[in-house]
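# Structural overview for review
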Amino acid sequence: MPDYLAEAAGLAAEITDLRHRLHRWPEIGNDLPRTQAAVLEALAGLDLEVTTGEATTSVTAVLRGGAGASADKPVVLLRGDMDGLPVQEETGMPFASERDGHMHACGHDVHTATLVGAAKLLHAHRDELPGDVVFMFQPGEEVLSGANHMLAEGVLEAAGRTVDRAFGLHTFSANFAPGTWTTRPGTLMAASDLVAVDIIGRGGHGSAPFMGNDPVPVMAEVILAIQTMIAKKFSNADPIIVNVGVANAGGAANIIPEKCHLEMSIRTFSAGARERVRPLITQLIEGIASAHGCRAEVDYRLGVSPTVNDQSGLNFRVGTNAPDD
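Report follows, based on the coordinates. Computed from a predicted structure; not experimentally measured.

Burial analysis of strand β8 (residues 191-200) places 8 of its 10 residues in the buried class, which makes it a mostly covered element. The pairing of β8 with strand β13 (residues 295-304) spans 8 bridges and is classified as antiparallel. The residue of β13 that forms the bridge with Leu194 is Arg301.

As structure tokens, this is what we get:
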């Protein structure tokens, strides 16, 4: 039996170097030419069927297994995303981003580099594989469109028939020790939706608040009321997380602004909670604004659905690749 862990450790320096190079030059969205070029360079020389995207700078690579009958070979897809975020990096790391306002703040440089490592390791054992492997290097995860482009271009059928299983991973190093992985059947990661809100009152001067209609305390009440509603209306066995990441109002200390702006993310772990929370949050915001004589404009934008692992395909929960395990 090959020692896959030892072989993977032998690739660590090469894959770490690739990750650092990707981290130094993050790209955003669906147009990642430098990232795509780095992936293609890393895969060069391997016996893979490589195609690139038409709508995006995606990369799809198919590895043909040499064992088993060709007619009924299983096909497995391994997926990694490649795009960064519009974030200014201030880590001071030696491989920190060299692009102002761009950062691999969500670990997609790790995803890309480790998917290259998986391709190299599996390629070394291609004659032993009873099936084919599709490597999906996806742009545009953060803008919620890269996967749809790749699906439309046939990534699931890249090996000649629809894949039987698909696997992805997400770095979560803040919560687990290095060398540990964790998963479970069923819902693993939450749906993520965005709500943008404008609360519109009537501007005026701070010395005469009765002549205006200040939306700022209304905004504050909305922020607190949402958290109370989530705690009281939903079971903690089916959690919902609401994070208000943007709260803007005014531009001068002595002026009552006409409008406040909020942006919040809503994460849900079930289709039922996701469906139920949408009208409740909208009604709450509009009701509080109306009670104060203001008007609320609520733009509720559905993002991605929950990540639900196949119940029959995962019988394990936690593992480690620590040397002494």
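Put simply, helix α5 (residues 216-233) and helix α6 (residues 271-291) touch, their axes get as near as 10 Å, and they point 145° apart. Handedness of the α5/α6 crossing: right-handed. Between α5, through Val218, Glu221, Val222, Ala225, Ile226, Met229, Ile230 and Lys233, and α6, the contact on the second element is made entirely by Arg276, Val277, Leu280, Ile281, Leu284, Ile285, Ile288 and Ala289. Class assignment of the residues belonging to the contact of α5 with α6 gives a composition of 13 nonpolar, no polar and 3 charged.

Where helix α1 (residues 4-24) meets helix α3 (residues 108-124), the axes come as close as 8 Å, and the angle between the chain directions of the two elements is 140°. The angle between the axes of α1 and α3 places the two elements in the oblique class. Crossing of α1 over α3 shows right-handed handedness. When α1 is examined against α3, the residues Tyr4, Glu7, Ala8, Leu11, Glu14, Ile15, Leu18, Arg19, Leu22 and His23 are found in contact with a partner set consisting of Asp109, Val110, Thr112, Ala113, Thr114, Val116, Gly117, Lys120 and Leu121.

Summarising burial for strand β4 (residues 132-138): 7 of the 7 residues are buried, a large majority. Here β4 shows no split at all, with Asp132, Val134, Met136 and Gln138 on one side and Val133, Phe135 and Phe137 on the other all buried. Of the strand pairs in this sheet, strand β2 (residues 59-63) and β4 are connected by 5 bridges, and their pairing is antiparallel. Bridge pairing in β4 links Leu63 to Val133. Where strand β3 (residues 75-81) lies against β4, 7 bridges are found, and the strand directions are parallel. Bridge pairing links Arg79 to Met136 in β4. Handedness of the crossover joining β3 and β4 through α3: right-handed.

Now for the nonpolar core. Within the largest apolar cluster, 26 residues are counted, with the highest numbers of intra-cluster contacts made by Ile199 and Val277. Contributing elements (two or more residues each) for this core: β8, α5, β10 (240-249), β12 (259-268), α6 and β13. If you tally residues by element for this core, the top one is α5, at 7 residues. In this view, Ile199 contacts Pro215, Val218, Met219, Val222, Glu258, Lys259, Cys260, Leu262, Cys294 and Arg295; residues no more than four positions away in its chain are not counted. Counting 25 residues, the second largest nonpolar core, distinct from the first, contains Val39, Val59, Ala61 and Leu115.

The subject of this paragraph is the sheet that holds β13. One open sheet holds the 4 strands; their spatial order is β10-β12-β8-β13, and the pairing between them is antiparallel. The two strands at the open ends of the sheet, each matched to only one other strand, are β10 and β13. Neighbour-to-neighbour, the strand axes of this sheet turn through a mean angle of 15°, independent of strand direction. Bridge count between β10 and β12: 9 bridges; the pairing is antiparallel. By the bridge assignment for β12, Ala247 is matched with Leu262. Most of the contacts of α5 go to β10, to which it runs at about 175°, and overall it touches β8, β10 and β12. The strands touched by α6 within the sheet are β8, β10, β12 and β13, with β13 carrying the most contacts at an inclination of about 165°.

The rules behind these values
Within each chain, residues carry numbers counting from 1 in the order of the written sequence. Where local features are concerned, this predicted model is filtered to residues with pLDDT of at least 70; where side-chain atom pairs are given and counted, the filter is 80 or more; whole-chain, interface and lining totals use all residues. Side-chain metrics rest on all non-hydrogen atoms present in the structure, leaving aside hydrogens and water. Any residue under 20% of the maximum accessible area for its type is buried, any over 50% is exposed, and the rest in between are partly exposed; the area is computed with a 1.4 Å probe on protein chains only. Helix and strand definitions here come from DSSP, where helices need a minimum of 4 consecutive H or I residues and strands a minimum of 2 consecutive E residues; each element is numbered from the N-terminal end. Note on pairing: two strands pair once DSSP finds at least 2 bridges between them. Here the axes come from fitting lines to C-alpha atoms, over the contacting stretch only for helices, and the angles between their N-to-C directions go from 0 to 180 degrees. Helix crossings get a hand from a simple test, with the near helix turned counterclockwise from the far one by less than a right angle marking a left-handed crossing and a clockwise turn marking a right-handed one. Pairs of residues are marked as contacts when any of their non-hydrogen atoms sit within 4.5 Å. Three classes are used: nonpolar for Ala, Val, Leu, Ile, Met, Phe, Trp, Tyr, Cys and Pro, charged for Asp, Glu, Lys and Arg, and polar for all others, with Gly counted as polar. Roughly parallel means an angle under 35 degrees; roughly antiparallel means over 145; roughly perpendicular covers 65 to 115; every other angle is labelled oblique. When the strands point away from the viewer and the connection leading from the first strand across the helix to the second strand turns clockwise, the crossover is called right-handed. As used in this record, nonpolar core signifies buried Ala, Val, Leu, Ile, Met, Phe, Trp, Tyr and Cys residues forming a set joined through side-chain atoms within 4.5 Å.

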